[in-house]
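Listed below are the residues making up each chain.
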Amino acid sequence: QVQLVESGGGLVQPGGSLRPSCAASTSTSDFCDMPWYRQAPGKERDLVALVTSSGITNYAASLKGRFTISRDDAQNTVHLQMNSLKTEDTAVYYCYGRTWGRDYWGKGTLVTVSS
């Protein structure tokens, strides 16, 4: 059973930074794309960023320049560096992966941006 486990969320003031991580129980090289999603209270789950197996990255237009996604297949982890955080970035952040025809989601890590 593949597991994805997020960590690194928390409470941060506006303008601050966080770097959530997603650890996979299997080799991340088994996944083509490794995206992060987020879901704010009362809203749908939206794509934040993704990184392909070849290291190509893509971001939600509103987040480009503040967030950076990276993957370390040697450590089976995916990171999301979040800078200049705003109150509207408050959400549960999830990592996702699809391998061998099945979808896998982590349980999420809560990021709260508040003064």
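Residues numbered from 1 in each chain as written. Predicted model: local features only at pLDDT ≥ 70, side-chain atom pairs only at ≥ 80, totals over all residues. Heavy atoms only, no water.

1. A short note on the overall build of the protein
Looking only at helices and strands, the protein has zero helices and 11 strands in total. Helices (α) and strands (β) of the protein occur, in sequence order from the N terminus, as β-β-β-β-β-β-β-β-β-β-β. The globule rule puts the C-alpha radius of gyration for 115 residues at 13 Å, and the 13 Å found for the protein is close to it. Judged by the C-alpha coordinates and their principal axes, the protein covers about 40 × 25 × 25 Å. For the protein, the residues scored as buried account for 42% of the 115 residues in total. Here the contacts in the protein between residues at least 6 apart in sequence split such that 54% fall between residues at least 24 apart. In the protein, 11 positive and 10 negative side-chain charges are present, and the distance between their average locations comes to 3 Å. (Helix = DSSP H or I, 4+ residues; strand = E, 2+ residues; numbered from the N terminus. Rg over C-alpha atoms; globule rule 2.2 N^0.38 Å. Buried < 20%, exposed > 50% of the residue type's maximum accessible area, 1.4 Å probe, protein only. Contact = heavy atoms within 4.5 Å. Lys, Arg positive; Asp, Glu negative; His and termini not counted. Charge placed at Lys NZ, Arg CZ, Asp CG, Glu CD.)

2. Here's the deal with the packing of aromatic side chains
All told, the structure shown has four aromatic pairs when counted by the stated rule. Ring plane angle 50° and centroid distance 4.8 Å describe the contact between Tyr 96 and Trp 105, whose orientation is recorded as tilted. Judged by relative accessible area, which is 16%, Tyr 96 ranks as buried. In textbook terms, an aromatic cluster arises when at least three aromatic residues are bridged by ring pairs, as seen for Tyr 37, Tyr 94, Tyr 96 and Trp 105. (Phe/Tyr/Trp six-rings, centres within 6.5 Å; stacked < 30°, edge-to-face > 60°.)

3. Looking at the nonpolar core
Ranked by size, the top nonpolar core spans 27 residues in total, and within it Trp 36, Leu 80 and Tyr 93 carry the most contacts. Looking at this core, the elements with two or more residues in it are strand 3 (21–24), strand 4 (33–39), strand 5 (45–52), strand 7 (67–72), strand 8 (77–82), strand 9 (91–99) and strand 11 (109–113). (Core = buried A, V, L, I, M, F, W, Y, C linked by side-chain atoms within 4.5 Å.)

4. As for unusual backbone geometry
Of note, the phi angle at Asn 76 is positive, near 55°, even though the residue is not glycine. On the secondary structure map, Asn 76 appears in the loop between strand 7 and strand 8. Backbone geometry at Trp 100 places phi at a positive 50°, although glycine is not the residue there. Summarising the element assignment, Trp 100 is placed in the loop between strand 9 and strand 10 (102–105). Classification of Trp 100 as exposed rests on a relative accessible area of 80%.

5. Observations concerning the state of the cysteines
Here the structure, examined in full by the defined rule, presents one disulfide. We note that Cys 32 lacks a disulfide partner, and the nearest cysteine sulfur, in Cys 22, lies 16 Å from it. We classify Cys 32 as exposed; its relative accessible area is 54%. (Disulfide = S-S within 2.5 Å.)

6. Examining the side chain of Arg 66
The topology assignment puts Arg 66 in the loop between strand 6 (57–59) and strand 7. With sequence-adjacent residues up to four places away left out, Arg 66 is seen in contact with Gln 81, Met 82, Asn 83, Ser 84, Leu 85, Lys 86 and Asp 89.

Bear in mind that shape data such as this cannot, by itself, settle questions of function.
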